[in-house]
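Notes for the structure review
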Amino acid sequence: MVILPGMCCKQYVEGAQRPEVRCPNPACQGARLLGHGTYDRYLDGELRPLQRGRCPRCGVTHALFPEDLCAYRDATFEVVEAAYYAGTPSSGAQAAGQTGALGVRRVRGWLRSQKQAWVRVLEGLLPAAEGPWWERAQELVGDRRGWLTRLRQWLWSSFAYFLGGVHGLYRHGRPRLALVEETNIPWQLLR
Ligand SMILES: [Zn+2]
């Protein structure tokens, strides 16, 4: 998974020109990813083709991600931020526009994921300070709307870590095997 710099979900869905992206593996010395087909995933409630790129040097393929799209979830960072601010699953679901019991369950999962191992890695990357990770992150990138996107950009440009959003932190954009074991669900079905 790599970030499409400067491109959000809205622009992606509208078919804006894709920016050039480079392989995050330092050994590849910034090799440009070449187009490598698409795969279908949910984006804005609909199955859409998401483009993939392949590095001509290491041969790894990467999904090309809008800056504000969660990995493995059909949710934008804007929606997740709204849920985080609200604090509880039910108020979070309401704030994030996630309807019904399924919406509450979804937001509960987002909030619960903050107790997983990836958050400890994230805490280790953030400047040392007191408080939970999101407060420390907001101190770094500002707390106005879009802070998760700015945090993702910072982690990517500083450490080549891809922030999934509500789940996971991926070194050089590579999913860990543990993720597959953990969910045990084909990721295309996760929404
Ligand atoms: Zn490469």
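Structure first, text after, so check above.
So, here is what we can say about the structure in this document. Small disclaimer: the values here were computed from a predicted structure and weren't measured.

The rules behind each value
- Residues numbered from 1 in each chain as written.
- Predicted model: local features only at pLDDT ≥ 70, side-chain atom pairs only at ≥ 80, totals over all residues.
- Heavy atoms only, no water.
- Helix = DSSP H or I, 4+ residues; strand = E, 2+ residues; numbered from the N terminus.
- Rg over C-alpha atoms; globule rule 2.2 N^0.38 Å.
- Buried < 20%, exposed > 50% of the residue type's maximum accessible area, 1.4 Å probe, protein only.
- Donors = N, O, S within 2.8 Å, 3.2 Å for Na, K, Ca; no water.
- Contact = heavy atoms within 4.5 Å.
- Pairing = 2+ DSSP bridges.
- Axes fitted to C-alpha atoms, helices over the stretch in contact; angles between N-to-C directions.
- Parallel < 35°, antiparallel > 145°, perpendicular 65-115°, else oblique.
- Nonpolar A, V, L, I, M, F, W, Y, C, P; charged D, E, K, R; others polar.
- Arc of directions from axis to C-beta.
- Core = buried A, V, L, I, M, F, W, Y, C linked by side-chain atoms within 4.5 Å.

Turning our attention to the overall build of the protein. Secondary structure assignment for the protein yields eight helices and six strands. Going residue by residue from the N terminus, the α and β elements of the protein occur as β-α-β-β-β-α-α-α-α-α-α-β-β-α. Rg of the C-alpha trace for the protein: 16 Å, near the compact-globule value of 16 Å for 191 residues, within the 12% margin. Within the protein, buried positions represent 44% of all 191 residues.

Protein coordination at the zinc ion comes from C23 (SG), C28 (SG), C55 (SG) and C58 (SG), with a distance range of 2.2 to 2.4 Å. Summarised as a motif, the one-chain spacing of the donors to the zinc ion is C-x4-C-x26-C-x2-C. Linking C23 in the loop between helix 1 (9-13) and strand 2 (34-43) with C55 in the loop between strand 3 (46-54) and strand 4 (61-65), this pair joins segments that are 32 residues apart in sequence. For the pair shown, C23 and C55 are each scored as buried.

What helix 6 (residues 133-141) keeps buried is the set W133, R136, A137, Q138 and V141. Where the residues of helix 6 are buried, they touch helix 2 (77-86), helix 5 (117-125) and helix 7 (147-159). Directly beyond the C-terminal end of helix 6, a positive phi value near 90° is found at G142.

This next bit is on the pairing of strand 3. Direction of pairing for strand 2 relative to strand 3: antiparallel, over a ladder of eight bridges. What sits directly across from D40, in strand 3, is P49. As paired elements, strand 3 and strand 4 share three bridges and run antiparallel to each other. Across the sheet, R54 pairs through a bridge with T61, a residue of strand 4. The antiparallel hairpin formed by strand 3 and strand 4 contains six residues in its connecting segment, where G59 sits at a positive phi of about 80°.

Let us look at the packing of helix 2 against helix 4 (residues 100-112). Closest axis-to-axis distance for the helix 2/helix 4 pair is 10 Å, and the angle between their directions is 80°. For the element pair helix 2 / helix 4, the angle class is roughly perpendicular. Contacts between helix 2 and helix 4 pair V79, V80, A83 and Y84 from the former with V107, W110 and L111 from the latter. Of the residues in the contact of helix 2 with helix 4, the class split is seven nonpolar, no polar and no charged.

What follows concerns helix 5. Note that an α-helix has 3.6 residues per turn; residues three or four places apart therefore point the same way. Among the residues of helix 5, W118, V119, L122 and L125 are the ones counted as buried. Mapping the buried residues of helix 5 onto a view down its axis gives an arc of 115°, with all of them on the same face. Those residues of helix 5 that are exposed and angled more than 90 degrees off the buried face are R120 and G124. Next to the buried residues of helix 5 lie helix 6, helix 7, strand 5 (161-163) and strand 6 (169-171).

This part is about the environment of L69. Positionally, L69 belongs in the loop between strand 4 and helix 2. Here L69 falls in the buried class, since its relative accessible area comes to 0%. Between the C-alpha atom of L69 and that of G30, which follows or precedes it by 39 residues, the distance is 23 Å. Apart from residues lying up to four places away in sequence, L69 is in contact with C9, R41, L43, L50, A75, F77, R152 and G164.

Moving on to the sheet that holds strand 2. Spatial ordering of the open sheet is given by 1-4-3-2, a layout of four strands whose pairing is mixed. For this open sheet the edge positions go to strand 1 (2-3) and strand 2, each flanked by a neighbour on one side alone.

What follows concerns the nonpolar core. Within the largest apolar cluster, 27 residues are counted, with the highest numbers of intra-cluster contacts made by W133, L148 and L151. Among the secondary structure elements, those contributing two or more residues to this core are helix 2, helix 4, helix 5, helix 6, helix 7 and strand 5. For W133, the contacting residues outside a window of four places in its chain are Y84, Q114, V119, L122, E123, L126, W147, L148 and L151. Judged by nonpolar contacts, the second largest core, of 25 residues, contains I3, V21, C28 and L64.

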